[in-house]
Every structure is written in structure tokens, then in C-alpha cells.
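Inside the fold
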Amino acid sequence: MFWHDFDNIIWGDLMQNTQFQFSKLAGKLKSSMIRELLKYANVPGAISFGGGTPDPETFPRHELAQIAKEIIENEYKYTLQYSVTEGDPELIKQILILLKRVYDIDRLSNENVLITVGSQQALELVGKVLIDPGDYVIVGDPEYLGALSAFRMRDTQFLVVKFDDDGPDIDMVKQKIKQLDDSGQIEYLKFIYVVSNFQNPSGITTSLEKRKALVEIAEQYDLLIVEDDPYGVLRFKGEMLPSLMKIGGVERVVLLNTFSKILCPGLRIGMIVADKPIIRKLVLAKQGTDLCSPSLTMRLTARYLERYDVLEQIKPAIDLYRKKKDTMVKALEENFSDIIGAKWTNPEGGLFVWFTLPKSFDTMEMFRFAEENKVFYIPGEAFKPFEEPSSSMRMSFCLPSIEDIHEGVKRLRDAFDKYRSYKGL
Ligand SMILES: *Cc1c(COP(=O)(O)O)cnc(C)c1O
């Protein structure tokens, strides 16, 4: 396969030759760049920093298998039946305990929680109940791709705010809001979306000052904040900062979370924590989507949480991720310190390092040199709210071995050198 064809697969319109009359929305849907790029990451001998998934060896498979057998045999009247749309009450009970432990948020009850099919469904449902076509949402640059896709389904207009080393550029947030306010359109601004801890893709954590500033802005303009926090408890070092929900309260902040990154994604258990009237609307929207989340995996998760302390269970995985992250940062130092303008994040948790080359480089363009060297990453362009080149890349350290991380970064340096001479820089 030539690079040229590859390019067409990524950006080509696969719908062009069909005689169906698709909806306007379907017409706009495109295959994700990540999906296409990673098809080639499975060639023998390849080292991939592209994956965004946790290490399957961290999944408690024996424990889950045992519980699954028990609950299918003994609790079949629940596990093999439809559930209520809100979610398994047994699971919600466990989630409330966990929310208290992790975020120290008081006054939450059953009616503040909706169980979703992963937090991807949470993003989709939040879009459905809050966004009308043409409405505005504030997102980051770079931003979590799944959120961008979910909000795009609602024909959202993105107000894009640069992500600094300590979170969203607050002056830019204020400036974008002021522009809308001045043009009389502030009522069409629906919420600020932010992945507050170890953002996917950048690994950046929003500082306490910026969290407070975001809440203040939201209060001033009566906006919601949608806080997405799948990585918060995957912290390698330092103290957890208060969540936006803790600072702003349940009236101001909608909190999304998931068991995908701390237990396993295959269960597809996510959640929305929000003010009761918002949850009630979300429940209605979910009814039209899938009636209820799978009873089996909800109860499986509930019984697992009852029997095991998930925050303890995840500790060995956190130790492993810390080691791998340290290895990646060290390898980047060893291989790229001489490149003026190259920089990388050193996250205190999560799964990703964000590696930025000097401005004149384009990581999408460089991809074919990396592919030749059998090393893979996700070009930063994938995480741009609007299509534009990027000199950054997302590098996941959680799947490759320590040795492969060293070797992969070396290969990356070699690919960089080849790309640099190709560009004549
Ligand atoms: C992984 C991830 C999710 C969603 O994962 P689900 O498996 O759908 O729960 C949501 N937001 C961010 C930022 C993520 O990285």
C-alpha cells in the first residue's frame, strides 16, 4: 500500500459511490484517522505508541469470571432481564461510595447518577439533551476525539481554546465568551468541556487556579461545565486536585466517569453525575437510545466493587504505568534533547505523553517515515477540533514493554532525521 492510497483512505469520502440517500448527518461522518492509522500498527515487529487502551494484563479476569458465573446462575432474574434505564441500583450504591471516596462530594443520591454504556454514551447523551444544531461548546486544542465526535453529531460549533501546560488558556476562554456576549449570542453557548486530569491526548492536568477560574466564569455567565475524568485515579505521583464538581457543585458541573480505564473497557460501564433535573432528561434520552445499559455487566461491576477495593486493585497497574511513563520520558530526553523546540509533557498520571516537534514539522507528514521504521503514534491533527496540521503527537506508554519503549523512541528519532532531511530542514 502506498502512502498516497493511505491518504485517500483517511480523508476520502467512502460514501460517494453509493446510491442510498443518507441523512445530512451521515453524509458528514468520516472514518476516524486513528482507526485507519492503527490498522497498520499490527505488522510484525512494529512498536505502537498509538493505542489508547489499557493493558489487558491489568484486567482482573479470574475474579470477574468467578463473579460472572455466580450472577448468571443465581441472579439470572436480574442479570438476564431488562434493567431500569437509570441503571442497576446495586451498582449505583457502589458508585456513590466510590464518588465519596474519590471526590469527597457530599449530598449525592441515586437520583444524581445515570449509568451509561461507557462514557462515550454519556458524551452522546449530554450532547442530545443540551445542544441544538448551531449551539456553541468550548473545547480544548488538543481535545479528546470521542467528545469531538459526539458533539459533532449535534452540529455543534466549537469555540476552541488552547491548552497550556496547566490547562485551558483562561484569557482565551474569557475572550471567546466575550465575543459571543458582544454579538448577542451568549445564550447559544451551552457548556465548557474539559478533561480535568491527565487529558487525553496531552496528559495535561488543569491546575487548581484554572479550575477555580473556570467555575467562576461558568457562574458569571450561567454556563454548565462538563468534566470528563476517566484518568483521575490513575495518578502516579502527587496529590489529586479537587474536581471541578467539588469546586462548582452539582448544580454547575456535570461529571462523566467510566470503569474503562480502572477496571476494563469491555464492561462498557460509564456514568453521568449531575443535578437531578438534568439526570431526568438524560434518562428519557437514553430510553430512546437503548432502553437500558446491559444488566449483566452492571451487576458484574457492582458485585466486583462489593468484593474488591478497586482503588487498591489498581495500584500494581499504576506502578507499572509509572515505570513505563518514566521510561518514555527518559527515552525522549536521550533521543531528542538536542532538537531545539522539541518538547514533551511529563504527566503525573494517565496513559499519554504529548510530544511536540519544532513548529515547521507536521507529524501527519512524518507518519510515513515512522511507518517505514515500524513505529506508530497518533498525529496531533487527530485531536484538532478543526482539521489543521499539527507538530505534536500522542504517545501512549501503557501497552509496549519497557524495552520496546526504548527501541520505539530510537526508531522515532531515526524517522525524525529522515523526515528532517526530506524536508531539507
Ligand atoms: C477513554 C475515554 C473516555 C471513554 O471511554 P468509555 O470506554 O466510553 O467509557 C471518555 N473520555 C476520555 C477523555 C477518555 O480518554
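To be clear, the structure that these remarks concern was listed above.
Here we summarise the structure given alongside this text. Since the structure is predicted, the reported quantities are computational estimates derived from the model, not experimental observations.

**Description of the overall build of the protein**
Looking only at helices and strands, the protein features 17 helices and 14 strands. Buried residues in the protein amount to 54% of all 425 residues. Put simply, 75% of the contacts in the protein that link residues at least 6 apart link residues at least 24 apart. For the protein, the accessible surface area stands at approximately 19300 Å², while carbon and sulfur atoms represent 52% of it.

**A few points about the site of the ligand**
In the vicinity of the ligand lie 13 residues, with Ser119, Tyr231, Thr258, Ser260 and Lys261 positioned nearest. Here an oxygen atom of the ligand and a side-chain polar atom of arginine 268 are 2.7 Å apart. Out of a free accessible area of 390 Å², the ligand has 93% covered by protein chains. In terms of residue count, the dominant contributor to the shell around the ligand is helix α7 (residues 118–130) (three residues). Of the residues contributing to the shell around the ligand, the split by class is four nonpolar, six polar and three charged.

**A few points about the sheet that holds strand β2 (residues 113–117)**
If you walk across this open sheet you meet the eight strands as β2-β9-β8-β7-β6-β3-β4-β5, and the pairing is mixed. Unpaired on one side and paired on the other, β2 and β5 (167–168) mark the two borders of the sheet. Relative to strand β4 (residues 157–164), strand β3 (residues 136–141) runs parallel, the two sharing six bridges. Across the sheet, the residue bridging to tyrosine 136 is glutamine 157, located in β4. Across the sheet, helix α6 (residues 89–103) is in contact with β2, β8 (253–258) and β9 (269–273); its angle to β2 comes to roughly 105°. Each of β4, β5, β6 (189–195) and β7 (224–228) is contacted by helix α10 (residues 208–220), which is oriented at about 145° to β7, the strand it contacts most.

**Remarks on unusual backbone geometry**
Following aspartate 141, the chain continues into proline 142 via a peptide bond in cis, with omega recorded as 5°. You can see proline 142 is positioned in the loop between β3 and α8 (145–152). The omega torsion of the bond from asparagine 200 to proline 201 falls at 20°, within 30 degrees of zero and hence cis. Checked against the element boundaries, proline 201 lands in the loop between β6 and α10. Located in the positive-phi region is aspartate 222, a residue other than glycine, with phi close to 55°. Structurally, aspartate 222 is set in the loop between α10 and β7. Take aspartate 222: its relative accessible area is 60%, and that puts it in the exposed class.

**Observations regarding the side chain of serine 391**
Note on placement: serine 391 falls in the loop between β13 (378–379) and β14 (392–396). With sequence-adjacent residues up to four places away left out, serine 391 is seen in contact with Phe355, Thr356, Leu357, Pro358, Lys359, Phe361 and Thr363.

**Comments concerning the nonpolar core**
The nonpolar side chains of a soluble globular protein tend to be buried, and buried together. Counting residues in hydrophobic clusters, the biggest one holds 108 residues, and the most contacted among them are Leu99, Ile225, Phe259, Phe355, Met395 and Leu412. When residues no more than four places from it in sequence are discounted, the contact partners of leucine 412 are Phe336, Phe355, Met366, Val375, Tyr377, Met393 and Met395. Judged by nonpolar contacts, the second largest core, of 29 residues, contains Ala147, Val254, Ile272 and Ala274.

**As for the packing of helix α15 (residues 315–336) against helix α17 (residues 402–423)**
For the pair α15 and α17, interaxial distance at closest approach is 9 Å and the crossing angle is 30°. The pairing of α15 with α17 is recorded here as roughly parallel in orientation. You can see that α15 and α17 cross each other, and the crossing is right-handed. Residue-level inspection shows Lys323, Lys324, Thr327, Met328, Ala331, Leu332, Glu334, Asn335 and Phe336 of α15 in contact with α17, the latter providing Ile402, Ile405, His406, Val409, Lys410, Leu412, Arg413 and Phe416. Split by residue class, the contact of α15 with α17 holds nine nonpolar, three polar and five charged.

**Some remarks on the packing of α7 against α8**
Put simply, α7 and α8 touch, their axes get as near as 8 Å, and they point 35° apart. Considering how the two elements wind past one another, α7 and α8 form a crossing that is right-handed. Between α7, through Gln120, Leu123 and Glu124, and α8, the contact on the second element is made entirely by Gly146, Ala147, Ala150 and Phe151. Residue classes in the contact of α7 with α8 are distributed as four nonpolar, two polar and one charged.

**Let's talk about the pattern of salt bridges**
A pair can form between side chains of opposite charge whenever their charged atoms are brought close. Counting across every chain of the model gives 34 salt bridges. A salt bridge links lysine 69 to glutamate 73; its shortest N-O distance comes to 3.0 Å. With lysine 69 and glutamate 73 both in helix α4 (residues 61–74), this residue pair falls four residues apart, about one helical turn. Residue lysine 69 is classed as exposed on the basis of its relative accessible area, which comes to 52%. Between arginine 413 and aspartate 338 there is a salt bridge; the shortest N-O distance is 2.7 Å. Taken as a pair, arginine 413 in helix α17 and aspartate 338 in the loop between α15 and β10 (343–344) lie far apart in primary sequence, 75 residues in all. What makes aspartate 338 exposed here is its relative accessible area of 52%. Salt bridges sharing common partners tie together Glu75, Asp88, Glu90, Arg299, Arg303 and Glu306.

**Focus: a nonpolar patch on the surface**
A cluster of nonpolar side chains, namely Leu25, Leu29 and Met153, defines an oily patch on the protein surface of about 240 Å² accessible area. Within the element layout of this structure, leucine 25 appears in helix α2 (residues 24–28).

**Details of the packing of aromatic side chains**
For the structure on display, the rule yields 16 aromatic pairs. Seen in terms of ring centroids, phenylalanine 151 and tyrosine 193 are 5.5 Å apart; in terms of plane orientation they differ by 80°. Their pairing is edge-to-face. Placement of the pair is phenylalanine 151 in helix α8 and tyrosine 193 in strand β6, with a sequence separation of 42 residues. Each of the two residues, phenylalanine 151 as well as tyrosine 193, counts as buried.

Rules used in this analysis
Residues numbered from 1 in each chain as written. Predicted model: local features only at pLDDT ≥ 70, side-chain atom pairs only at ≥ 80, totals over all residues. Heavy atoms only, no water. Helix = DSSP H or I, 4+ residues; strand = E, 2+ residues; numbered from the N terminus. Buried < 20%, exposed > 50% of the residue type's maximum accessible area, 1.4 Å probe, protein only. Contact = heavy atoms within 4.5 Å. Areas by Shrake-Rupley, 256 points an atom, 1.4 Å probe, with all protein chains shown as cover. Near = heavy atom within 4 Å. Polar contact = N/O pair within 3.5 Å; in protein donor to acceptor, adjacent residues only side chain to side chain. Nonpolar A, V, L, I, M, F, W, Y, C, P; charged D, E, K, R; others polar. Pairing = 2+ DSSP bridges. Axes fitted to C-alpha atoms, helices over the stretch in contact; angles between N-to-C directions. Core = buried A, V, L, I, M, F, W, Y, C linked by side-chain atoms within 4.5 Å. Parallel < 35°, antiparallel > 145°, perpendicular 65-115°, else oblique. Left-handed = near helix turned anticlockwise from the far one by under 90°. Salt bridge = Lys/Arg side-chain N within 4 Å of Asp/Glu carboxyl O. Patch = residues over 30% accessible without salt bridge, like charges linked within 9 Å, V, L, I, M, F, W, Y side chains within 5 Å. Phe/Tyr/Trp six-rings, centres within 6.5 Å; stacked < 30°, edge-to-face > 60°.

Any functional reading would require information that these geometric values do not contain.
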